[in-house]
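# A closer look at the structure
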Amino acid sequence: MLLSDLCRSLRGPIDWYGLQSDQYGVRESKQGNPSYEIPEVREVRTCEPLTPSLLLITAPAAVGKSTAADFMSNFLKCPILDLSLLQVGDGTLEGALAKSFGIRKNAEFSESLMGSQATLIVDALDEAEVRSGQANFRAFVRGLADTASQVSGDRAAIVIFSRAESSRLLQEVFEERHLQYAHFEIRPFGKGQAQRYLERRVGEVYRSREKELLHIKHAGPFAEARNVLFRVLASAIDAKAEDFWSESDVRDFLGYAPVLDVAAEYLAVDNFATLGSAIGVAQGTGFDQWGLVATVIDQLLLREQSKFVTQFTMVDVFQQHGNPSLHPILYSPEEQCARLLGYVENMSLHLELPVGLPAALRDGYEVAADTQLSNHPFLRGDGWFNVIFRDYVTARAQRAPQTSESAAKAIRSNLLSSGWKHSPMYAFFSHALGKASSGLTSSCHSEDVGALYESFKSICETEDQLLTSVGRFGNRLLATFSIARGNEESVGPLAFLTHEGTTSITFPRELSYANIWEIPEVILGGDQPSFKFGPSVYISSADLLFSSSEIQVYVGSEETPVLMTAKTLASDNLKIQADASRFMVICEEELSFPWSKYQRRIDLGGLATDSREKRALYLELRRIVLRFKDAKDGEAAVYQPFMDNLVIGGNGRARKVLDYLQEIGCVKLSRSMYLLDFAQFATLGISRSQLRDLEMTDSAIKVSLDLLRFSKK
């Protein structure tokens, strides 16, 4: 039902009682809001067949509880006790009403209230909890229950608005006192409501900019751009849903008023056709729409900070020891994210309190922050409101100054565990939050690379290929991710540059279509017993460690085999399920069973240093050539951005090999494709199948020597 239907079930007076003063937390909403989008409400609890004394109406933060309270006040001509303006305690309800109405009118109103002939709205219960402290808040709740217990009549007389978490104490007291009450929840907007709300908000944005209402003048293109935007945002939660508005998780997000407010800013443009195309392109390539989602979430965090500061600065301890200069550091977005992650994921994250917070404020601040946190808009009960908030919080908490190194390590460990259900949002938000000023790369810890891989993997559909490249970049690593879809469509690439000195990476579950070169340490496997390889994996590292007890290799007959080369390789009681021709290992040390079956030895002769370099160059040649796919008679092809960004990336040795192939005429660049000439390549005396199987013929040794000479030019 609609909120207006719920209002009709209550009773209001013929006219306003009329306040003598609005200085004591009581107001009357006499000015109606004709543009108010009346929300739906859902009954959570009923006391039928008994008559409730009061109604409890809950909703997450920023859904519009106070606006709904104003609507009900105007509809029923009844007063609102606004607890956000008060420090509550025992007797607050009676005192505020008496001072606001005066003795005579208060007596008339109270008598009508007790007989269910009038209605009182109590708003902002959650804010009173922070401002007043637990003891005073409990005293107020008990007093409110005492008043409600005196109500008699055929309908509810008191309506209480609160976030769901702050209402728990209230419900406990009601149950103890055997009070009859009904509980309703304000639902997020449905499709039609969201469209109407968004249209009005876009109009407000145009007016604030003193511009013509183009969304009314060009209604068709506006509706198309709006629908594209909704579809892109919905894909963050359920990529496969056709009728996404029918999905509760999608509606919870798209129907959230703050999301629509930011969308209004985004849609108030001069050309809707251009905007719609840009959104669609962003969805397919650059992930630009995630900047919009991040903006929405950031505004919610800033809103929470503002509400906390407003309430906390009114408590006695802050009045005694605080000052306005502390406001910006209280309950910052970064601190909220770190606290939320510890609260929901049960991590022992030892957070640093804001620098500069006086010692006299610390205990009171901790209590107030913990109280506010339980009412956070990103929560639903003790869990996350949705996965979007979870992944944004996770990505931002990793970068928060309040997050210690040990806490950040705990977060990374959690992300690599089997219990973490990955979604695309973590990777997108990590890239957005860590983006460099140039906008080309983002920063992360090297141990985040495996979690980023899992996150990007979660967006892949059946025929998609997640293409991953990780290599040395000075004393950092450069990791690049892209998703290939069909022959032309692709997503990305997105590039990450790890923090200085972090050069160890872990892939916890599986790895496919990956080029990993010159990494000091690679760890394969996590807390699950099995690690899975897909096709086209190349790993070159100093130390290669397997923490799983089993390796499974799934490489199709037409795909490039898995090849690993390392100075040292460590594993413990490992079992390998693979065809020896599909899984190859090159290691400088003698490997025992079961590795001996898969070990390949390449002895190119010559001095030790040159020998290692020739081997490395030849392996790069193999990796590059095998990336070419048959295109037409006499040629194979590979997409230039894929070759430059994913296969080669920052690998200087690989770039030398490609330059060599171009100089001798084996490879040429045509438009956006690298083409491999089969006839010219055949003059080298080696075939692609020999490259694939690492057959070290005399011709292969000669090519490796030519590559070495070319690289020294």
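Read on for a plain summary of the structure. (Residues numbered from 1 in each chain as written. Predicted model: local features only at pLDDT ≥ 70, side-chain atom pairs only at ≥ 80, totals over all residues. Heavy atoms only, no water.)

## Quick look at the overall build of the chain
Secondary structure summary: the chain contains 27 helices and 26 strands in total. Taken over the C-alpha atoms alone, the chain extends approximately 110 × 60 × 50 Å along its principal axes. The proportion of buried residues among the 713 residues of the chain is 56%. Taken as a whole, the chain presents about 30000 Å² of accessible surface, with 48% of it coming from carbon and sulfur. Across the chain, the mean location of the 74 positive side-chain charges is 3 Å away from that of the 90 negative side-chain charges. (Helix = DSSP H or I, 4+ residues; strand = E, 2+ residues; numbered from the N terminus. Buried < 20%, exposed > 50% of the residue type's maximum accessible area, 1.4 Å probe, protein only. Areas by Shrake-Rupley, 256 points an atom, 1.4 Å probe, with all protein chains shown as cover. Lys, Arg positive; Asp, Glu negative; His and termini not counted. Charge placed at Lys NZ, Arg CZ, Asp CG, Glu CD.)

## Here we look at the packing of helix 8 (residues 191-208) against helix 12 (residues 257-267)
Running from N to C, helix 8 and helix 12 point in directions that differ by 50°, and their axes come no closer than 8 Å. Between helix 8 and helix 12, the angle is such that the two are oblique. Between helix 8 and helix 12 lies a crossing of right-handed hand. From helix 8, Ala194, Tyr197, Leu198, Arg201, Val202, Val205 and Tyr206 reach across to helix 12, where they touch Ala257, Leu260, Asp261, Ala263, Ala264, Glu265 and Leu267. (Axes fitted to C-alpha atoms, helices over the stretch in contact; angles between N-to-C directions. Parallel < 35°, antiparallel > 145°, perpendicular 65-115°, else oblique. Left-handed = near helix turned anticlockwise from the far one by under 90°. Contact = heavy atoms within 4.5 Å.)

## Let's talk about the environment of Ile38
With respect to the secondary-structure elements, Ile38 resides in the loop between strand 1 (26-28) and strand 2 (41-45). The exposure class assigned to Ile38 is partly exposed, which follows from its relative accessible area of 25%. A sequence separation of 33 residues divides Ile38 from Phe71, and the C-alpha atoms of the two residues are 8.5 Å apart. Ignoring sequence-local partners within four residues, the contact set of Ile38 consists of Leu2, Leu3, Ser4, Phe71 and Gln193.

## Here's the deal with the sheet that holds strand 26 (residues 673-677)
A sheet is described by the order of its strands in space; here four strands give the open sequence 23-24-26-25, paired in antiparallel fashion. Each end of this open sheet is capped by a strand with a single partner; those strands are strand 23 (629-632) and strand 25 (667-670). Recorded for the sheet is a direction-independent mean angle of 40° between the axes of neighbouring strands. With three bridges connecting them, strand 23 and strand 24 (residues 635-639) associate as antiparallel partners. (Pairing = 2+ DSSP bridges.)

## So, the sheet that holds strand 6 (residues 158-162)
Spatially, seven strands are ordered 1-4-5-6-3-7-2 in an open sheet, and the strand pairing comes out mixed. What marks the edges here is a single partner per strand, and that holds for strand 1 and strand 2. Here the strands of the sheet are splayed against their neighbours by 25° on average, with no regard to which way each runs. Pairing between strand 1 and strand 4 (residues 79-82): three bridges, direction antiparallel. Residue pairing across strands places Val26 opposite Leu81, the latter belonging to strand 4.

## So, helix 6 (residues 134-149)
Two residues of an α-helix separated by three or four positions point the same way, owing to the 3.6 residues in each turn. The end-to-end C-alpha distance of helix 6 is 22 Å, a good match for the 22 Å that 16 residues give at a rise of 1.5 Å each. The complete set of buried residues in helix 6 reads Phe137, Ala139, Phe140, Val141, Gly143, Leu144, Ala145, Thr147 and Ala148. (Expected span 1.5 Å × (residues − 1).)

## Section: the pattern of salt bridges
The full count for this structure, using the stated rule, is 45 salt bridges. Note that Glu588 is salt-bridged to Arg615, the shortest N-O span being 4.0 Å. Separated by 27 residues along the polypeptide, Glu588 in the loop between strand 22 (583-587) and helix 22 (608-625) and Arg615 in helix 22 bring together distant segments of the chain. Judged by relative accessible area, Glu588 falls into the partly exposed class, the value being 42%. (Salt bridge = Lys/Arg side-chain N within 4 Å of Asp/Glu carboxyl O.)

## Quick word on the pairing of strand 16 (residues 514-524)
Both strand 11 (residues 465-473) and strand 16 contribute to a ladder of four bridges, which runs parallel. Its bridge partner lying in strand 16, Val470 is registered against Ile516. The pairing of strand 16 with strand 18 (residues 537-546) spans eight bridges and is parallel. When the sheet's bridge partners are listed, Ile523 is paired in strand 18 with Leu545.

## Here's the deal with helix 7 (residues 167-177)
Buried within helix 7 we find Ser167, Leu169, Leu170, Gln171, Val173 and Phe174. Looking at the buried residues of helix 7, the elements they touch are strand 3 (54-58), helix 5 (125-132), helix 6, strand 6 and strand 7 (181-186).

## Some remarks on a negative patch on the surface
Where like charges cluster on the molecular surface, the negative patch consists of Glu242, Asp243, Glu247 and Asp249. Relative to the helices and strands, Glu247 is located in the loop between helix 10 (219-234) and helix 11 (248-254). Overall, Glu247 belongs to the partly exposed group, its relative accessible area being 34%. (Patch = residues over 30% accessible without salt bridge, like charges linked within 9 Å, V, L, I, M, F, W, Y side chains within 5 Å.)

## Regarding the nonpolar core
Core analysis: the largest hydrophobic core is formed by 151 residues, its most contacted members being Met72, Leu511, Leu524, Phe533, Met564, Phe583 and Trp595. Sort the elements by how many residues they give to this core and helix 14 (residues 289-312) lands first, with 10 residues. What Leu511 contacts, discounting residues up to four positions off in sequence, is Tyr453, Ile516, Leu524, Phe531, Lys532, Phe533, Gly534, Val537 and Ile539. In terms of nonpolar packing, the next biggest core, distinct from the first, is built from 35 residues, Phe101, Val141, Val151 and Ile160 among them. (Core = buried A, V, L, I, M, F, W, Y, C linked by side-chain atoms within 4.5 Å.)

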